[in-house]
Amino acid sequence: MKKIGVLVSGGGTNLQALIDAQKSGVLKSGEIVTVVSNKAGAYALERAKNVGIDAHVILRRDHASKEDFDIALRDYMQSKGVEVVVLAGFLSILGENFLNAYKDKIINIHPSLIPSFCGDGFYGLKVHEAALSYGVKVTGATAHLVNEITDGGKILLQKAVYIEDGDTPEILQKRVMEQAEWIILPQAVEMICAQD
Ligand code: GAR
């Protein structure tokens, strides 16, 4: 069993999907040992505590530089023995100190079909606003490995979701989560945990 560390910033529905996948057996080659948030009030922390998983906050403002913040995140993960890292709605960009420690072992879920609507500045509802204002008829989600290029690492899994008449960014976000993110993220994490 690989030890998994999850980084979050918000509601944590993707974290919940991972917790549920552990219970159902979809995620069987790894176990979540810690959840770390860069936002103090993130509901994702409650989801972790509810099932007895270590929940920890590390704030950017408590560190002198972005590098120091990165190192603190890395050191905390390593102190818990984490081998695979999942970004489940973690809305901060990781730097090289973190990336070098977990090369090809960091998985992100992005709410569009990469390479559309991705890269710096495309996160959360902004992604769905961009898809709707462009007028695409199909969007979706992508689970991918994380490297130094924002949303630029190797694609692991993608799933398409149709846009419907009357969609708002909020309605579309929910459909993309339900029909794509919560399904492919646990599958991608299992793929990486099952390696060697
Ligand atoms: C999810 O839609 C996730 O794909 C997105 O943030 C949301 C977090 O929701 N991530 C990004 O936009 C990363 N660029 P959650 O906290 O309920 O899982």
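See the structure printed just above.
The structure displayed is predicted, hence computed values, not measured ones. Counting restarts for each chain: residues are numbered from 1 in the order of the written sequence. Under the rules for a predicted model, residues below a pLDDT of 70 receive no local features and side-chain atom pairs below 80 are neither given nor counted, while totals for whole chains, interfaces and linings still include all residues. Note: side-chain values were computed over all heavy atoms of the structure, leaving out hydrogens and water.

Can you help me understand the environment of Asp 120 in this one?
Put simply, DSSP marks the helices as runs of H or I at least four residues long and the strands as runs of E at least two long, and each gets a number from the N terminus on. With respect to the secondary-structure elements, Asp 120 resides in the loop between β5 (106–110) and α5 (125–134). Counting along the chain gives 115 residues from Asp 120 to Gly 5, while the straight-line C-alpha distance between them is 23 Å. Here the side chain of Asp 120 touches Thr 150 through a polar contact of 2.7 Å, side chain to side chain. As used in this structure description, the phrase polar contact means that two N or O atoms lie within 3.5 Å; if the pair is within protein, one of them must be able to donate a hydrogen and the other to accept it, and residues adjacent in sequence are counted only when both atoms belong to side chains.

I keep staring at the side chain of Glu 181 and nothing clicks. Help me out?
By the secondary structure assignment, Glu 181 is in helix α6 (residues 169–193). Despite its burial, Glu 181 remains without a salt bridge, the nearest opposite charge being carried by Arg 47 at 12 Å. Among residues more than four places away in sequence, those in contact with Glu 181 are Asn 14, Ile 109, Pro 111, Ala 141, Val 176 and Pro 186. Accessibility here uses a 1.4 Å probe with only protein chains present; expressed as a share of the type maximum, an area under 20% marks a residue as buried, one over 50% as exposed, and anything in between as partly exposed. The sign given to each residue is positive for Lys and Arg and negative for Asp and Glu; His and the chain ends receive no count. When a carboxyl oxygen of Asp or Glu lies within 4 Å of a side-chain nitrogen of Lys or Arg, that pair is called a salt bridge. By definition, residues are in contact when any of their heavy atoms lie within 4.5 Å.

Explain the site of the ligand here, please?
It suffices for a single heavy atom of a residue to lie within 4 Å of a molecule or strand for the residue to be listed as near it. The immediate surroundings of the ligand are formed by 15 residues, with Gly 12, Thr 13, Asn 14, Gly 124 and Glu 181 found nearest. Take Thr 13: an N or O atom from its side chain is 2.7 Å from an oxygen atom of the ligand. Here Gly 124 contributes a backbone N or O atom positioned 2.8 Å from an oxygen atom of the ligand. All accessible areas in this document rest on Shrake-Rupley with a 1.4 Å probe, and a residue is counted as covered only by the protein chains that are shown. For the ligand, the protein covers 92% of the area, taking 450 Å² as the surface of the free molecule. Listed by contribution, the elements that provide at least two residues to the shell around the ligand are α1 (13–24), β5 and α6. Along the lines of polarity and charge, the residues of the shell around the ligand split into six nonpolar, eight polar and one charged. Polar here means any residue outside two lists: the nonpolar Ala, Val, Leu, Ile, Met, Phe, Trp, Tyr, Cys and Pro, and the charged Asp, Glu, Lys and Arg; Gly therefore counts as polar.

Teacher, can you tell me more about the packing of aromatic side chains here?
What describes a pair of aromatic rings is the distance from one ring centre to the other and the angle between the planes of the rings. For this analysis, a ring pair means two rings from Phe, Tyr or Trp (six-membered ring only for Trp) whose centres lie within 6.5 Å, classed as stacked if their planes differ by under 30 degrees, edge-to-face if by over 60, and tilted for the remaining angles. Summed over all chains, the structure comprises two aromatic pairs. Judged by centre distance (5.5 Å) and plane angle (35°), the ring pair of Phe 98 and Tyr 102 falls under tilted. Relative accessible area serves as the criterion here: at 4%, Tyr 102 is assigned to the buried category. Look at Phe 117 and Tyr 134: their rings are 6.1 Å apart centre to centre, the planes differ by 65°, and that puts the pair in the edge-to-face class. With Phe 117 in the loop between β5 and α5 and Tyr 134 in helix α5, the pair connects residues that are 17 residues apart, well separated along the chain. Classification of Phe 117 as buried rests on a relative accessible area of 14%.

Teacher, can you tell me more about the packing of α1 against α6 here?
Taken N-terminus to C-terminus, the directions of α1 and α6 make an angle of 55°; their axes are 9 Å apart at the nearest point. As the angle between them shows, α1 and α6 are arranged oblique. Like other packed secondary-structure pairs, α1 and α6 cross with a definite hand, here right-handed. Contacts from Thr 13, Asn 14, Ala 17, Leu 18 and Ala 21 in α1 reach Met 177, Glu 181, Trp 182, Leu 185, Pro 186 and Val 189 in α6. The residue makeup of the contact of α1 with α6, split by class, is eight nonpolar, two polar and one charged. Geometry is summarised by axes, namely lines fitted to C-alpha atoms with helices restricted to the contacting stretch, and by angles between N-to-C directions that run from 0 to 180 degrees. The cut-offs work like this: below 35 degrees is roughly parallel, past 145 is roughly antiparallel, 65 to 115 is roughly perpendicular, and the gaps in between are oblique. We call a crossing left-handed when the near helix sits turned anticlockwise from the far one by less than a right angle, and right-handed when that turn is clockwise.

What is the right way to read the pattern of salt bridges from this model?
Note on pairing: side chains with opposite charge can pair once their charged atoms come close. This model, assessed by the stated rule, comprises eight salt bridges. Of the charged contacts, one joins Arg 175 and Glu 164 as a salt bridge, the two residues approaching to 3.5 Å between their closest N and O atoms. Pair noted here: Arg 175 is in helix α6 and Glu 164 is in the loop between β7 (155–162) and α6, with a separation of eleven residues, a long-range link. Note on Arg 175: relative accessible area 10%, which makes it buried. In this structure Glu 164 comes out as partly exposed when scored by relative accessible area, which is 45%. Each of Glu 164, Asp 167 and Arg 175 takes part in one network of salt bridges that share partners.

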